[in-house]
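As a plain string of letters, each chain reads:
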Amino acid sequence: MNEVTVHLTVQHQPRTMIIPARTTLADLLRDHLGLTGTHLGCEQGVCGACTVLLDDLPVRACLTLAAACEGAEVITVEGLEGPDAERLRACFAEQGALQCGFCTPGMLLAGYYLVRGRQPLSREEVCQAMSGNICRCTGYNAIVRAIEAAISQGIEAETAPAQTVPRSSGAPAAGTEE
Amino acid sequence: MTTGDSTPARRYGIGARTPRREDARHLAGRGSFVSDVKLSGLREVAFVRSVVAHGRITAVSVPDDAEPGSVWTAADLAQLAEPLTATSTLAGFRAAPLPNLAADKVRYVGEPIAVAIAGTRAEAEDLAARITVDITPLPAVVGFSDALAHNAPKVHNDWPDNIFATTSGDVGDVDAAAREAAVSVTREYTMNRQAVVPLEGRGVIAHYDRSADRLSVWSSTQTPHMIREMIAILLGIEARRVRVIAPDMGGAFGSKCSLYPEEVALAAIAMKLDHPIRWVEDRWEGMVASTQARDHHYLVTAHAAADGTLLGVEADILVNGGAYSVYPWTATMDATMAAAMIPGPYRVRNYRFRTRSVAANKAPSGPYRGVGRPGACFAIERTIDELAHELGLEPYEMRLKNMVRPDEMPYTSVAGKVYDSGDYPEAVRQAAVLIGHDTWRKRQRGVPTDSRHRIGIGYGSCTEQTAHGCVEWATRGLAITIGTEGARLEMDATGGFTLSVGIKSHGQGSETTLAQVVSEVFDVEPEHVTVIHGDTALTPRSEGTFASRSMVMAGGASYGAARQLAQKVKRIASVLLDEPVEDLRLRDHAVVGRAGSLGYRELAKEFLFTPDHVPGIEGGLEATYYYRPAVETGAFSYATHAAVVDVDLDTGGVTLLDYAVVEDCGTVVNPLIVEGQIVGGVAQGIGSALLEELVYGDDGQPKSSSFLDYLLPGTTEIPELKIGHLRTASPNTVFGMKGTGESGAIMPPAAIGNAVTDALREFGAQANETPMTPQRVWTALRDAQDAMAPIAETVS
Ligand code: FES
Ligand code: FES
């Protein structure tokens, strides 16, 4: 089996991987780096469970050849951090947006991309944007509500603190988030 | 057992909307599913499977250079494991041994033939591709007419025909009802075959540890204890040597509660190897070789009086069970359930039925959320609407008129089911209000006749038997009569709780709800209770999670164990506080008396570290309780669903405009989780109604074996549901709980089928087959317009 060398950054850490050329990004993450939070629900590019951020864009790791990721930055659910990620997680738990948890990593990554966008979205727009992620357990209502809530909280957090939460520490107003 | 003492409502107990304890690990990507398990020396398995639906195996050739122990065929496995044979006590039932690996004949595409083992899955697939299988094809049996034809090829050569079993019944006097009736209608209904599709497929790891003489099997299974016992029996070893672990599971919905050949094959092979082996089902395998579901056909005749009173029902039911009976359910499970559920929530007293469970060259059928009920509900509820239409009644009025009333509870249905409690008509009334019935009727009437769209309103009602005991399973012919659950609760030396249960939570949130049961008794936050499930070495014997039984059965067992332990804790406190047991209460992590109080932590430390300080109390700070319901006929949940659809007359496309559910699952343990079960169930039911169909060609080739051609509902297909709740405690269960895992999935085909038919009334087209794809709806519309002839019905 042909091997290739790939340099990429995973959760902000540079990695050099020598892997069989046919290895997918999902298999690289799961089998070579032990990052099993990226789930495989179909390996056909349909269910979205394998969604990761590749250079800040949500992609299907099952259809992405690892060898094509030379120089790329990858973030998986294990490395998804920061206020947007945390508010999204909190909204998921509060709304009941997960049951078995198998679709959840993909939902979080795809949802995070929307939350970070700071664009108010209608329910229909959220549904459209999330239509490539399949959940067999929840029936989606709670997932859609959780993402809607996290989007508005993200927008509020960006605009509100400057006016309503005075801080003595002198922390920059914009982008200060709870 | 009842809730007994007058415990005030606990903060985290029954009814609390506590957040799920499972969430943190899944939200962090730290769940551990079978495919995530890390074991040293683990090698991966790929199966060679039949690509022919029906045929004779003439040769299986293994590559000469395959390493010893890397390829296994039926010949290798023959001495290691018996084939699985599901039996039934139903008269005339025909058993068919289910081979672990096919030996002489293959009976469906996807049937396992050989095992290839290598360092990675990709390499195992490379090896599998080099194993050649020669098969002489035989004509395949696919649909009902093929299977029942006089000269049909036989799926099992030693059977006289292709029928697993026939059942029938005749209660009351249907013929007299027919003579009395003002209206009789006859309709045919089809609910096509579906895949179950948990997002995580099946997966198995097997490892024989020579030093411990223990075979460990990890499996994504709803029934770890049952799997353990059957693996031991089929391998001819004592079950003490087998441990089954079900780690985190990505859903199951019934598809992971039968024993599978892959589990037996891996276990048998692992006994001969010195390293663990793992097989993870890929999506193609999931679509062709996991148990499938539905595939029902109904011929229903119903008779009603002019005032809408339902007088009698006749049903001829066919279920395509696929090639084999799965253990322990057998291929007759759907048919017997469907026959019992055709009378629905109605007071009908005359009922005649026949069921035939048919064998065909498709993957074996197994349980799927609702088991038989979605089809039966579709058939009877569509028929109720047809009667209502003939009589000029609003369909919901027809339901109100005929439903069992609360003052008639408990009510024994014409099929012998004992409906325990509830207000069925109230669910209909509230569903009509919730959906805005009158407003939609107005809007419907306002649609101009030249519009290319129509609006329709439809209802579906059903009762759902849950958490039934031995009696029920025995009447359905099961060789094992299920009906007991165990739980063990320990308080440790730091005052923490560990609850061990043999059921397997796989998305239902039982780690949360069972902890709430302990909270209810001990008044501690659920995070102080560890719930262990899914490991036969750590949990009391159990039957598993299926049939909407876990909350009632394992909840009942957990409550029993908690009450026993609470008694002991109070006795210990009574000694230490020097107060009578009757004066002691459990409050906020402590035993509280009139004079003093003692925290669980101090109490446990005192009792376990220095038992001599607590004279007269026997050792051990734990209790085990086995729950068996006193009334074994089950606790019946019920619901009415209402759907509003838009039908596009040019494309046949159906869009859901609104959807409402009014349900009653008795006492609710956690509203967040119950709502999740309802919405998730409805989404699957919408899939059944509109999207999902496993299509088989005439040659038995599965044609929808990927997510590209098997359509699952997505975010854009499921509207935000309106949900109303009724709460009638079951008299038969602890706390009055009723199961609710399946209910949501049962009614959508009925409600949506009625709505689509309502939309198309003026054209005379009916939605009598699921899924109601654009093509089916469009064809029904065209045929109705072409014919403009009445469908088989008699008006006397
Ligand atoms: S696993 Fe990649 S889209 Fe389903
Ligand atoms: S929570 Fe199970 S698939 Fe989404």
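Chains are numbered independently. Their residues run from 1 in the order of the written sequence. Chain labels run from A onward and ligand labels from 1 onward, assigned in the order the entries are written. Per-residue local features are limited, in this predicted model, to residues with pLDDT of at least 70; the limit for side-chain atom pairs, both in listing and counting, is 80 or more; totals at the level of whole chains, interfaces and linings are taken over all residues. Remark: hydrogens and water are excluded; side-chain values derive from all non-hydrogen atoms of the structure.

Trainee: Where do I start with the overall build of chain B in this structure?
Mentor: In DSSP terms, a helix is any run of H or I states spanning at least four residues, a strand is any run of E spanning at least two, and both are numbered starting from the N terminus. Within chain B, the regular secondary structure consists of 21 helices and 30 strands. Overall, the C-alpha framework of chain B stretches about 90 × 75 × 45 Å when taken along its three principal axes. Expressed as a percentage of contacts within chain B between residues at least 6 apart in sequence, the contacts between residues at least 24 apart total 80%. Each accessible area is a Shrake-Rupley result for a 1.4 Å probe, and residues are judged covered by the shown protein chains and nothing else. With the model as given, the accessible surface of chain B reaches about 26500 Å², and the carbon-plus-sulfur share is 51%. Only four residue types enter the charge count: Lys and Arg as positive, Asp and Glu as negative, with His and the chain ends excluded. Every charge is mapped onto a representative atom, which is NZ of Lys, CZ of Arg, CG of Asp or CD of Glu. Across chain B, the 74 positively charged side chains and the 98 negatively charged ones have centroids separated by 2 Å. In what follows, residue pairs with any heavy atoms lying within 4.5 Å of each other are defined as contacts.

Trainee: Where do I start with the overall build of chain A in this structure?
Mentor: The helix and strand tally for chain A stands at five helices and five strands. Taken from the N to the C terminus, the helices and strands of chain A come in the order β-β-α-β-β-β-α-α-α-α. Each residue is assigned to one of three classes by its accessible area relative to the maximum for its type, calculated with a 1.4 Å probe on protein chains only: buried under 20%, partly exposed between the two thresholds, exposed over 50%. Expressed as a percentage of the 178 residues in chain A, the buried residues total 53%. Contacts in chain A between residues far apart in sequence, at least 24 positions, make up 58% of those at least 6 positions apart. Accessible surface computed for chain A: about 7400 Å², of which carbon and sulfur atoms make up 51%.

Trainee: For this particular structure, what's the right way to read unusual backbone geometry?
Mentor: Most peptide bonds take the trans configuration, and most residues that are not glycine carry a negative phi. Residue and element names in this part refer to chain B. Across the junction of Y327 and P328, the peptide omega takes the value -5°, indicating a cis bond. Turning to its location among the elements, P328 is positioned in the loop between β14 (310-320) and α9 (333-341). With an omega of -10°, the peptide bond running from M409 to P410 counts as cis. Along the polypeptide, P410 turns up in the loop between α11 (395-402) and β16 (411-412).

Trainee: Please explain the sheet that holds strand β9 (residues 203-209) of chain B as it appears in this structure.
Mentor: Either a parallel or an antiparallel arrangement is found when strands of a sheet pair, and the pairing is made through backbone hydrogen bonds. Residues and elements named next belong to chain B. Strands sit in the order β3-β5-β1-β12-β9-β10-β11 across an open sheet of seven strands; the sheet is mixed. Taken across any chain shown, the strands that pair with only one partner, and hence form the sheet edges, are β3 (71-73) and β11 (242-245). Neighbouring strand axes in the sheet, compared pairwise and without regard to direction, differ in orientation by 20° on average. Only the stretch in contact is used when fitting a helix axis, every axis being a line fitted to C-alpha atoms; angles between N-to-C directions are given from 0 to 180 degrees. Each of β10 (214-219) and β11 touches helix α6 (residues 224-235); the most contacted strand, β11, lies at about 145° to it. When DSSP locates at least two bridges between a pair of strands, those strands are taken to pair.

Trainee: Hey, could you run me through helix α12 (residues 424-435) of chain B in this one?
Mentor: For the α-helix, the turn length of 3.6 residues means that residues three or four positions removed from each other point alike. All names here are of chain B. Counted at 1.5 Å a residue, the expected span for α12 with its 12 residues is 16 Å, and the 17 Å between its end C-alpha atoms agrees. Among all positions of α12, only Y424, P425, A427, V428, A431, A432 and I435 are buried. Down the axis of α12, the smallest arc covering the buried residues is 155°, so these residues share one side. By the N-cap criterion, in which a side-chain oxygen at the helix start approaches the backbone nitrogen of a residue two or three places on, α12 is capped by D423, the distance to E426 being 3.2 Å. The first or second residue beyond α12 is G436, which carries a positive phi of 75°. One fewer than the residue count of a helix, multiplied by 1.5 Å, yields its expected span. Regarding the arc, it is the one traced by the directions from the helix axis to the C-beta atoms. Here a polar contact means two N or O atoms within 3.5 Å. Within protein one must be a hydrogen donor candidate and the other an acceptor candidate, and residues neighboring in sequence count only if both atoms are side-chain atoms.

Trainee: For this particular structure, what's the right way to read the environment of P120(A)?
Mentor: Residue and element names in this part refer to chain A. Tracing the backbone through its elements, the reader meets P120 in the loop between α3 (104-116) and α4 (123-129). In this structure P120 comes out as exposed when scored by relative accessible area, which is 63%. Measuring from C-alpha to C-alpha, the distance between P120 and S152 comes to 6.9 Å, with 32 residues separating the pair along the chain. With residues up to four places along the chain from it excluded, the contact list for P120 reads E125, I151 and I155.

Trainee: I'm lost on the sheet that holds strand β24 (residues 597-599) of chain B in this one. Help?
Mentor: All names here are of chain B. The three strands are arranged β22-β23-β24 in an open sheet whose pairing can be described as antiparallel. The open sheet is flanked by β22 (585-587) and β24, the only strands paired with a single partner. Put simply, the sheet's adjacent strands are angled 25° from each other on average, direction ignored. Pairing between strand β23 (residues 590-592) and β24: three bridges, direction antiparallel. Bridging from a neighbouring strand, A590 pairs with G599 of β24. Each of β22, β23 and β24 touches helix α17 (residues 600-609); the most contacted strand, β24, lies at about 80° to it.

Trainee: Would you take a moment to explain the packing of helix α15 (residues 510-522) of chain B against helix α16 (residues 550-577) of chain B for this structure?
Mentor: Residue and element names in this part refer to chain B. Between α15 and α16, the shortest axis-to-axis distance is 9 Å and the interhelical angle comes to 30°. Here α15 lies roughly parallel to α16, going by the angle between them. Here the hand of the crossing between α15 and α16 comes out right-handed. Between α15 and α16, the residues in contact are T513, L514, V517, V521 and F522 and M551, A554, G555, S558, Y559, A562, R563, L565, A566 and V569, respectively. The class makeup of the residues in the contact of α15 with α16 is 11 nonpolar, three polar and one charged. For this classification, under 35 degrees means roughly parallel, over 145 means roughly antiparallel, 65 to 115 means roughly perpendicular, and everything else is oblique. Crossing chirality is assigned from the near helix's rotation relative to the far helix, an anticlockwise turn below a right angle marking it left-handed and a clockwise turn marking it right-handed. Here the nonpolar group is Ala, Val, Leu, Ile, Met, Phe, Trp, Tyr, Cys and Pro; Asp, Glu, Lys and Arg are the charged ones; every other residue, Gly included, is treated as polar.

Trainee: Teacher, can you tell me more about the domain arrangement of chain A here?
Mentor: Interface size is commonly expressed as the accessible surface area that is lost when the partners come together. Residue and element names in this part refer to chain A. Each domain span listed reflects an automatic or database assignment of domains. Under the domain assignment used here, chain A contains domain 1 (3-79) and domain 2 (83-159). Taking the mean C-alpha position of each, domain 1 and domain 2 sit 22 Å from one another. Contacts between the two partners involve 18 residues from domain 1, matched on the other side by 14 residues from domain 2. Put simply, buried area is the surface a 1.4 Å probe can reach on two separate parts but cannot reach once they are joined, added for both. Taken together, the two surfaces of domain 1 and domain 2 that pack against each other cover about 1200 Å², and 63% of this comes from carbon and sulfur. Looking only at domain 1, the three residues that lose the most surface to domain 2 are H39, L53 and V77, adding up to 37% of its buried area. Only one rule defines a salt bridge in this text: a Lys or Arg side-chain nitrogen within 4 Å of an Asp or Glu carboxyl oxygen. Applying the counting rule to domain 1 against domain 2 returns one salt bridge. Linking D56 and R116 is a salt bridge whose minimum nitrogen-to-oxygen distance equals 3.8 Å. Viewed at the interface, domain 2 and domain 1 are joined by six residue pairs in polar contact (both at pLDDT 80 or more).

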